[in-house]
Amino acid sequence: MKTAICPGSFDPPTNGHLNIIERALKIFDRLIVAVAVNTAKQPIFTGEERVDLLQEIFDGQPKIQVDRFEGLLVDYAKGRGVTTILRGIRNMSDYEYEFQMALANKAMHPELETIFMMTEGRYSHLSSTIIKDVIQYGGKASEMIHPIVEAALKKKLR
Ligand code: ADP
């Protein structure tokens, strides 16, 4: 069974994230969406809230499991017995960062392979940061985030 871990902050999850995950289901038998709860960024949602949002979004999808991790991704992957990491790429700055991360992870855990999927054009401008601004200032975000995320974000920010 081919399993991949999709790690990220998901603060909050956007339709760009969801699109990568849904497309990856055609390639992998099982995806573990793993929320990184110890990023240096000041999160708007707690780790628990991000896990809950993703669980609600993927409710009824048996191929997707939502989990959280602290510490190094390589240690989490080892613990889960998974050797494939899936990441999305939007642009050149994502590429540079991802390239560095993938090499660092490979150096620490040589069996680990990082697979990249290109964003779909319509999501290439989407980031969690932009979404927060759109919601905070009353913009229309229905094309950018799941209704569950929109409701939670409005509650949090307004
Ligand atoms: P991190 O803080 O680990 O970068 P993010 O939640 O920002 O976590 O992103 C998780 C993954 O999703 C990364 O691989 C990122 O490049 C990807 N991603 C984020 N937004 C998009 C998008 N709009 N389209 C495709 N991939 C995306």
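Quick caveat, the model's predicted, so the values are computed rather than measured.

Q: Can you help me understand the packing of helix H5 (residues 128-136) against helix H6 (residues 147-157) in this one?
A: To characterise two packed helices, one gives the angle between the axes of the helices and the distance between these axes. H6 packs onto H5 with a crossing angle of 65 degrees between their chain directions and a minimal axis gap of 9 Å. Viewed along their axes, H5 and H6 adopt a mutual orientation that is roughly perpendicular. For the element pair H5 and H6, the recorded crossing hand is right-handed. Where H5 approaches H6, its residues Ile 131, Lys 132, Ile 135 and Gln 136 are matched on the opposing element by Glu 150, Leu 153, Lys 154 and Leu 157. Looking at the contact of H5 with H6 residue by residue, the class counts come to four nonpolar, one polar and three charged.

Q: Looking at this structure, how should I read helix H2 (residues 47-57)?
A: Since one α-helical turn is 3.6 residues long, residues separated by three or four positions face the same way. When we look at burial in H2, the residues that qualify are Gly 47, Arg 50, Val 51, Leu 53, Leu 54 and Ile 57. For H2, the arc enclosing every buried residue in end-on projection is 160 degrees, short of the 170-degree limit, so these residues lie on one face. The inward-facing, buried residues of H2 abut helix H1 (15-24), strand E2 (30-36), strand E3 (64-69) and H6.

Q: Is there a simple way to think about the site of the ligand in this case?
A: Neighbouring the ligand are 16 residues, the closest being Ser 9, Phe 10, Lys 41, Gly 88 and Tyr 123. Here an oxygen atom of the ligand sits 2.9 Å away from a polar atom, N or O, in the main chain of Phe 10. Within the backbone of Leu 126, an N or O atom sits 3.1 Å from a nitrogen atom of the ligand. Bound to the protein, the ligand loses 89% of the 550 Å² it would expose on its own. When contributions to the shell around the ligand are tallied by element, the ones reaching two or more residues are strand E1 (3-8), H1, strand E4 (84-89) and helix H4 (92-108). Of the residues forming the shell around the ligand, the biggest block, three residues, is contributed by H1.

The rules behind the values
Residues numbered from 1 in each chain as written. Predicted model: local features only at pLDDT ≥ 70, side-chain atom pairs only at ≥ 80, totals over all residues. Heavy atoms only, no water. Axes fitted to C-alpha atoms, helices over the stretch in contact; angles between N-to-C directions. Helix = DSSP H or I, 4+ residues; strand = E, 2+ residues; numbered from the N terminus. Parallel < 35°, antiparallel > 145°, perpendicular 65-115°, else oblique. Left-handed = near helix turned anticlockwise from the far one by under 90°. Contact = heavy atoms within 4.5 Å. Nonpolar A, V, L, I, M, F, W, Y, C, P; charged D, E, K, R; others polar. Buried < 20%, exposed > 50% of the residue type's maximum accessible area, 1.4 Å probe, protein only. Arc of directions from axis to C-beta. Near = heavy atom within 4 Å. Polar contact = N/O pair within 3.5 Å; in protein donor to acceptor, adjacent residues only side chain to side chain. Areas by Shrake-Rupley, 256 points an atom, 1.4 Å probe, with all protein chains shown as cover.

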